[in-house]
Amino acid sequence: MKKIFIIFCLVMVAFTGNAQLTKEQQVIQKTFFSFLKFYKNNEKKFNSFKLYKGKGKDNSPPYKVQWAEAEKYFTYLRRSVPYVGEAYIKAERAHFKHSDSCFKADPTEEIAAGFDYDRWAGGQEDISYTIKWYTSPKNKYIVTITGNTALLKIGSELGEGTADKDRSWSIVPFVKGKGIWKMADNIYPADEEDQTLIPQ
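Now for a description of the structure that goes with this document.

About the thresholds
Residues numbered from 1 in each chain as written. Predicted model: local features only at pLDDT ≥ 70, side-chain atom pairs only at ≥ 80, totals over all residues. Heavy atoms only, no water. Helix = DSSP H or I, 4+ residues; strand = E, 2+ residues; numbered from the N terminus. Buried < 20%, exposed > 50% of the residue type's maximum accessible area, 1.4 Å probe, protein only. Contact = heavy atoms within 4.5 Å. Pairing = 2+ DSSP bridges. Arc of directions from axis to C-beta. Polar contact = N/O pair within 3.5 Å; in protein donor to acceptor, adjacent residues only side chain to side chain.

Let's shift gears to the overall build of the protein chain. In terms of regular secondary structure, the protein chain is built from six helices and seven strands. Listing the helices and strands of the protein chain from first to last along the sequence gives α-α-α-β-β-α-α-α-β-β-β-β-β. When each of the 200 residues of the protein chain is scored for burial, the buried share is 36%. Across the protein chain, the fraction of contacts at a sequence separation of at least 24, relative to all contacts at a separation of at least 6, is 51%.

Right under this line is the structure:
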């Protein structure tokens, strides 16, 4: 009996991050985790699209978005990435338009705005680190569903015993179409208005 109780406790600890999530909320979380794995396994393909180009010597500034290449990228997303849909492509197009406007506003800028080392997560880390950061069993996951839209909030622990309010919170928007939840944009740090649903 004691052995069964210990096993039960271990199982409960293993599912702490999901304990408060409904089945539908867990589907959203799983979709995000599946996208991360897919992204890691297909990182070379994602990075093969030359989405911007420098007009100067040796690809130096001023930069511009290569829209024909962006359309090829969008086609790849539609055909090959089951975790994203048209809302995601629309968001990507908006990000590229913003980057293009930044390129025009500051033609001498050496860093191509919006196209970091890991453009999807907006960081300088390898995707393996990104996966560990967002899928750690120490994370807190909150999924808020409103009709056919949802927001996955990920609270990453900054150190041992981090209080919920002091975690590093990120968000991933989702949209439901034809009964399937898909990512509607990339992952971003939670801003002030997103903090309202984060435990205090």
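The next point concerns the pairing of strand β5 (residues 168-177). For strand β4 (residues 149-156) and β5, the ladder comprises eight bridges, and the chain directions are antiparallel. Opposite Ser156, over in β5, you have Ser168 as the bridge partner. Across two bridges, the pairing between β5 and strand β7 (residues 188-189) is antiparallel. Residue pairing across strands places Ser170 opposite Pro189, the latter belonging to β7. Pairing between β5 and strand β6 (residues 180-183): four bridges, direction antiparallel. From the neighbouring strand, Lys176 faces β6, where its bridge partner is Trp181. Turn length for the β5-β6 hairpin, with the two strands adjacent in sequence and antiparallel, is two residues, and the turn residue Lys178 shows positive phi of about 55°.

Going from Pro61 to Pro62, the amide bond is cis rather than trans, its omega being 5°. As for its position among the elements, Pro62 is in the loop between β1 (52-54) and β2 (63-65). The phi torsion at Asp58 lies on the positive side, around 55°, for a residue other than glycine. Here Asp58 is to be found in the loop between β1 and β2. Asp58 gets classed as exposed once you look at its relative accessible area, which sits at 72%. Of note, the phi angle at Lys178 is positive, near 55°, even though the residue is not glycine. The residue Lys178 is located in the loop between β5 and β6 in this model.

Our focus in this paragraph is helix α6 (residues 127-135). Along α6, the positions that sit buried rather than exposed are Ile127, Thr130, Ile131 and Tyr134. The buried side chains of α6 occupy one side of the element, clustering within an arc of 100° when seen end-on. For α6, the elements touching its buried residues are α2 (23-41), α3 (43-47), β3 (140-146), β4 and β5. Structurally, the start of α6 carries an N-cap: the backbone nitrogen of Ser128 is 2.8 Å from a side-chain oxygen of Asp126.

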